[in-house]
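Listed below, chain by chain, are the residues.
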Amino acid sequence: MLFANKILNWKNIGLFILFCLLLACPGQATAAEPNPPMEIYTDYYVIGGQGYAHFLAFSDKREAAYAAALNNFAELLPEEVQLYSLLAPTSSAFGLPDDYACYFPNQSKLIARVQAQLDERFEHISIYDTLAEHADEYLYFRTDHHWTARAGYLAYLQAAAVMELEPVDLQDYPLQDSGVDYLGSIYSATASSGLMAQPDRIFYYQLPDSITYTYWNNNGQPSTSQGLYKEWWLKQPNKYAFFMGGDLPYIKLQTQAQTGRRLAVIKDSYANTIIPFLTAHYDEIYVIDPRHSSFNALDIIKENAVDEVLFVNYTRVVCLPEFSQALVDLTERKSVLVQPVG
């Protein structure tokens, strides 16, 4: 009986989502079934062997809350600290079959609305058009909600233009094949046979191993290693954590750039394929994930004389009030005593 109830509950959820979709695309209510067919899950759709994260909760209020959380940093940080904002579109922004375009929000307009509400101190890093120009490339994983190292590099190029960085040449960072296929987060959530038939592959750009990587857990205990790619994750289900070791509370990267510049990155996991390229330009990079961190970001920025702060998140966080609150929490909590390395 309990199992039957679970089936009924999932069926009701699917019917509710379908009802919402028909409201968004009223013409589809009477039209023939779109092609290819859509598999509907609680948080994802699968269309033609490609997984997409769906959006059902955008609102003016939530967009304003996200912008206000970033503006809070502008209010609390010294004027000389430069601020940047990058919102990354998801895979549904590009390459959808025509029949499904109306099921997803226009992410370009969403990004513009958020940017319009940010403090004038923020420099906007717009990557949408660049990704659209390269939409026929392998920019997003099919079975995972993240983007690939290629998309990360394209986003980095736009960031470099705004942040006044001389971008690295990919001839110096050749593309590597990990040799590892995987089924990502969307497959884990859906067990879709359409995704199982087309696993993803981890490719990455070879970077110097001379970067010292230290992370602290939320008790302030450090762990140090070398390099930005953590190969042990390739043996785990969450293979995207190969990039930057995944989403950790607080990471410090020490490089050989010798530019005198220091950067803090406040981010979700989409930043993990961008940060490796930024190590060519900054002596130190401090990485903070608001979803997992119990640290005070303002203290980290001030105590380490950080010059610039980059916010990198994907568009779905704008519809998550808990993420906006986590950004606010980074400015309000007591400091965690960080233990020295060694």
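Scroll up for the structure.
Residues numbered from 1 in each chain as written. Predicted model: local features only at pLDDT ≥ 70, side-chain atom pairs only at ≥ 80, totals over all residues. Heavy atoms only, no water.

Student: Can you walk me through the overall build of the protein chain in this structure?
Tutor: Counting its regular elements, the protein chain contains 10 helices and 13 strands. Looking at the protein chain as a whole, 50% of its 342 residues qualify as buried. Across the protein chain, the fraction of contacts at a sequence separation of at least 24, relative to all contacts at a separation of at least 6, is 73%. Taken as a whole, the protein chain presents about 15600 Å² of accessible surface, with 51% of it coming from carbon and sulfur. (Helix = DSSP H or I, 4+ residues; strand = E, 2+ residues; numbered from the N terminus. Buried < 20%, exposed > 50% of the residue type's maximum accessible area, 1.4 Å probe, protein only. Contact = heavy atoms within 4.5 Å. Areas by Shrake-Rupley, 256 points an atom, 1.4 Å probe, with all protein chains shown as cover.)

Student: Help me understand the layout of surface pockets in this model?
Tutor: Empty space left among the atoms is revealed by rolling a probe the size of a water molecule over them. Considering only enclosed or pocket space, the largest pocket measures out at about 300 Å³ in volume. Around the largest pocket, the lining is made up of 18 residues, and of these Trp216, Tyr250, Glu303, Asn304 and Val338 lie nearest the centre. Listing elements by their share of the lining of the largest pocket, those giving two or more residues are β8 (212-216), β10 (250-254) and α9 (297-303). Partitioned by chemical class, the residues of the lining of the largest pocket number nine nonpolar, six polar and three charged. (1 Å grid on protein atoms, 1.4 Å probe; cavity = no way out; pocket = protein on both sides within 12 Å on 5 of 7 lines; lining within 4 Å. Points joined across faces, edges and corners; volume = space filled by probe spheres on them. Nonpolar A, V, L, I, M, F, W, Y, C, P; charged D, E, K, R; others polar.)

Student: In this structure, what is going on with the sheet that holds strand β4 (residues 82-88)? I would like to understand it.
Tutor: The pairing of strands in a sheet happens through backbone hydrogen bonds and is either parallel or antiparallel. Strand order in the open sheet formed by eight strands is β5-β4-β13-β11-β12-β10-β8-β9, and the pairing between neighbours is mixed. Each having just a single partner strand, β5 (122-124) and β9 (222-226) make up the two edges of the open sheet. Averaged over all pairs of adjacent strands, the angle between strand axes in this sheet comes to 20 degrees, irrespective of strand direction. Relative to β5, β4 runs parallel, the two being bridged by three bridges. (Pairing = 2+ DSSP bridges. Axes fitted to C-alpha atoms, helices over the stretch in contact; angles between N-to-C directions.)

Student: I tried to follow the environment of Ala88 on my own but got confused; where do I start?
Tutor: Topologically, Ala88 is positioned in strand β4. When the C-alpha atoms of Ala88 and Tyr314 are compared, they prove to be 4.3 Å apart, with 226 residues separating the residues in sequence. Those residues in contact with Ala88 that lie beyond four places of it in its chain are Ile127, Trp147, Tyr270, Asn313, Tyr314 and Thr315.

Student: What should I look at first to understand the pairing of β4 in this one?
Tutor: Each regular strand shows side chains that alternate between the opposite faces of the sheet. Most of β4 sits out of view: six of its seven residues are buried. Bridge analysis of β4 against strand β13 (residues 308-314) gives seven bridges, and the strand direction is parallel. Among the inter-strand pairings, Tyr84 is bridged to a residue of β13, identified as Leu310. Handedness of the crossover is the feature at issue here: the chain leaves β4, passes through helix α3 (residues 107-116), returns alongside β5, and the resulting connection is right-handed. (Right-handed = clockwise from strand over helix to strand, strands pointing away.)

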